[in-house]
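Next come the chains, spelled out residue by residue.
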Amino acid sequence: MLGLIVVAIMMGYPTAFTLMGLGMVFGFLAFWIPDAHWYDNRVFDLIAQRTYGVMTNDTLLSVPLFVFMGYVMERAALVDRMFHSVQLAFRRVPASLAVTTLLVCAFWGIASGIVGAVVVLMGVIALRPMLKAGYDIRLASGAITAGGTLGILIPPSVMLIVYAAVAGQSIVKLYAAAMLPGFFLTFLYLIYILGWAIINPKIAPKLAPDEYRIAVPEALLGLERGAKRRIVPGLLAALVKPSRAGAAGYRTVLANVAAIAVPVVLTAGTLGATWWYVVVYNAPEVAVAAPAPKRAESRAPTAAAPATKEEKPEALGSAATAEKEEQPQELGAGRESESLAPGRAADAPPEELTSAREVPTGPVESKVPAHFFAWFWGMSALLALILLFYFWRMDGEQLEILKELIASVVPLGVLTVVVLAVILFGICTATESAAIGALGALYLAVLAKFRREVLWWSLVGAIVGFALGWYENEPWMSMLVAASIAGTFLGTVAPGLRHLRDSKELRENLKQSTFLTAKTTAMVCWLFVGSALFSAVFALHGGQSLIERWVLGMNLSPLGFLFVAQVLIFLLGWPLEWTEIIVIFCPIFIPLLSHFDIDPILFGTMVAVNLQAAFLSPPVAMSAFYLKGVAPKHVTLNQIFAGMMPYMVIVLVCLAFMYIWPGMTLWLPNFLYGN
């Protein structure tokens with residue numbers, strides 16, 4: 001069965017239907033009864049059961065929503081402006097175009113998670129400018145193909161959803177585990193590009209100054225101060241004394257001061273949220289010994305005196321205690337258990353039952369990580385110095401670049417952070433978070449075309465949502481959430497429906513995004529149906545137990561098993577894609593993890609990192625074929641392959657770090673959700 005599936009896939013047959021066909025044929029043989037009619041074979045029942053099992057898999061509900069989110073943002077053409085603004089921000093860095101390409105690929109991959117779309121889009125936007133600037137073809141193609149694959153690793157990732165469904169693991173823990181390895185792999189890619197450009201500057205010539213200049217309005221030029229044309233002192237002076245605004249106008253001064261405040265607000269908000277979650281939210285609960293209430297007060301609240309929200313847990317505890325006392329017991333059982341209670345003297349007076357929680361006698365365990373405060377204040381001081389240095393050197397041109405970054409990067413960044421935060425902090429499930437991401441992507445797509453109208457409708461929706469929360473006497477945080485959701489929803493639906501008929505571009509983008517989402521989702525679900533049937537028949541023939549006995553008979557250590565499994569997956573990545581590896585071969589390794597005491601979350605994250613090679617290794621390196629489809633004719637497939645090969649080595653280096661330091665993968669999920 002394994003040999004036929006590999007041969008059939010390499011011959012070009014559709015993977016999902018090949019899996020189903022082989023599963024049906026071999027299942028028919030497994031259930032064959034000579035005396036029974038052929039249509040009474042139980043393989044048909046197995047097909048129906050496995051298909052129904054995929055249909056009822058809640059984990060897969062987030063796939064179409066995340067895919068729709070990615071396609072909407074890709075079709076809305078939000079990347080062009082982002083690439084230009086990020087390139088201006090890194091214009092003085094060696095190999096600035098390649099660095100910008102990798103960063104935008106990683107960011108866009110995080111937002112969309114669709115490798116083919118990211119590689120094709122960045123190939124259209126970035127490849128020709130890099131080749132025109134004299135960049136080496138290997139450097140240019142490697143940055144695009146390697147950067148485009150990061151979206152399948154860094155959450156929200158469809159690959160991790162598929163693995164979670166196959167392995168029966170928590171998608172939330174997998175997302176948390178993949179965060180640090182994904183960013184670490186991006187960091188290694190950047191180190192490689194910068195190191196190659198510094199060692200050999202000829203592969204990435206510096207851009208001419210006129211290629212990254214940006215026009216500065218005359219109004220801002222009048223606010224620059226000194227020989228170095230610093231803009232921040234002039235803006236602050238004009239803000240304090242409107243008479244100094246001059247030709248710029250006080251409204252322009254306010255708008256530019258607000259732009260300067262954005263990095264400060266984002267930095268302070270990130271630090272504040274970190275402090276709140278680690279120190280306040282995760283603070284150990286210390287129970288205070290309260291005076292014992294009277295027996296009458298410990299009873300459940302009556303209808304005449306309803307309990308407040310703070311009193312409800314205590315009242316429920318008292319009711320439970322009273323109900324436990326009223327239950328019939330064996331004669332003397334209560335006294336016997338009371339006399340055997342630990343820590344009580346024989347002549348001690350009987351304790352009065354209360355609803356107060358038992359006070360812990362041992363030391364309270366703190367959930368704050370070791371050295372957190374030193375790291376936090378050190379990072380805060382470092383970020384403050386960086387912001388001061390940045391603002392002190394800022395001129396009018398840098399201010400214009402900052403405004404471009406705010407307009408192109410911040411909306412997508414905020415949407416991505418919100419989608420990840422509500423998953424990681426347990427506010428929403430992965431499916432609900434995907435719905436938030438899909439709505440946010442639609443909002444940004446409509447905002448790009450009808451900015452003023454969207455903002456006005458968003459204000460109306462926010463007011464309505466806040467008023468509804470106020471009417472329902474909700475807490476302040478709930479009212480803010482209601483205002484945000486209502487503003488986003490009304491700001492998307494009202495202008496979108498109004499302009500859906502007269503805006504052909506908006507209509508086409510929505511139609512294509514919906515069609516591509518249905519196509520991709522159908523592919524994933526059929527793969528699951530075929531994989532479920534294939535794996536069931538494979539186990540029915542004894543294949544799974546045969547492999548288990550063979551592996552266990554090798555007497556491997558846990559590290560040896562991890563090494564062998566990852567080597568096999570790396571080799572399978574050459575002829576196969578990640579979908580086939582996840583749905584066919586991972587179910588073979590997953591049952592063996594308990595024998596070697598290996599965390600399935602760690603194993604799944606290593607598989608996700610390892611499968612980067614499936615997109616970067618010939619002959620079935622899909623990233624290379626995606627890029628070749630939009631590259632100039634003189635760029636050959638061999639040159640693209642040569643540019644991708646070093647990144648395969650970097651993937652292996654990242655895997656080695658994950659072997660040596662498992663905490664890089666498991667620390668964040670353990671901190672957020674416990675062991």
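Parameters and conventions
- Residues numbered from 1 in each chain as written.
- Predicted model: local features only at pLDDT ≥ 70, side-chain atom pairs only at ≥ 80, totals over all residues.
- Heavy atoms only, no water.
- Salt bridge = Lys/Arg side-chain N within 4 Å of Asp/Glu carboxyl O.
- Helix = DSSP H or I, 4+ residues; strand = E, 2+ residues; numbered from the N terminus.
- Axes fitted to C-alpha atoms, helices over the stretch in contact; angles between N-to-C directions.
- Parallel < 35°, antiparallel > 145°, perpendicular 65-115°, else oblique.
- Left-handed = near helix turned anticlockwise from the far one by under 90°.
- Contact = heavy atoms within 4.5 Å.
- Nonpolar A, V, L, I, M, F, W, Y, C, P; charged D, E, K, R; others polar.
- Core = buried A, V, L, I, M, F, W, Y, C linked by side-chain atoms within 4.5 Å.
- Buried < 20%, exposed > 50% of the residue type's maximum accessible area, 1.4 Å probe, protein only.
- pLDDT = per-residue confidence, 0-100.
- Phe/Tyr/Trp six-rings, centres within 6.5 Å; stacked < 30°, edge-to-face > 60°.
- Expected span 1.5 Å × (residues − 1).

## Some points on the pattern of salt bridges
Following the criterion strictly, the structure yields 6 salt bridges and no others. For the salt bridge of E505 with K449, the shortest nitrogen-to-oxygen distance reads 2.7 Å. One end of the pair, E505, is in helix α22 (residues 504-540); the other, K449, is in helix α19 (residues 430-449), and 56 residues separate them in sequence.

## A word on the packing of helix α10 (residues 171-199) against helix α30 (residues 663-673)
At a minimum axis separation of 8 Å, α10 and α30 run at an interaxial angle of 140°. The angle between α10 and α30 places the two elements in the oblique class. The way α10 lies across α30 gives a crossing that is right-handed. Across the interface between the two elements, V172, K173, A176, A177, M179, L180, P181 and F184 from α10 touch M664, T665, W667, L668, P669, L672 and Y673 from α30. Class assignment of the residues belonging to the contact of α10 with α30 gives a composition of 13 nonpolar, 1 polar and 1 charged.

## Quick word on the nonpolar core
The biggest cluster of nonpolar side chains holds 183 residues, and the ones touching the most others in it are W108, M122, Y189, I193, I582, F603 and L611. Tallying contributions element by element places α10 first for this core, with 16 residues. The residues touching I582, leaving out its near neighbours within four places in the chain, are M159, V162, Y163, V166, P587, V607 and L611. Counting 14 residues, the second-largest nonpolar core is a separate cluster that includes L235, L387, L399 and L402.

## Remarks on the confidence of the model for the protein chain
Looking at the protein chain, the pLDDT average stands at 79 and 85% of residues meet or exceed 70. Confidence drops under pLDDT 50 across residues 295-364; counting only partners more than four residues distant or on other chains, this segment forms 34 contacts.

## Topic: the packing of aromatic side chains
This structure, assessed with the given rule, holds 23 aromatic pairs. Between F625 and F641 the ring centres are 6.4 Å apart and the planes differ by 80°, which places this aromatic pair in the edge-to-face class. Of this pair, F625 sits in helix α28 (residues 622-628) while F641 sits in helix α29 (residues 637-660), placing them 16 residues apart in sequence. The buried category is assigned to F641, whose relative accessible area is 14%.

## Brief notes about helix α4 (residues 62-75)
Counted at 1.5 Å a residue, the expected span for α4 with its 14 residues is 20 Å, and the 20 Å between its end C-alpha atoms agrees. For α4, the buried fraction is high: 11 of the 14 residues fall into the buried class. Taken as a whole, α4 has its buried residues at S62, V63, F66, V67, F68, M69, G70, Y71, V72, M73 and E74.

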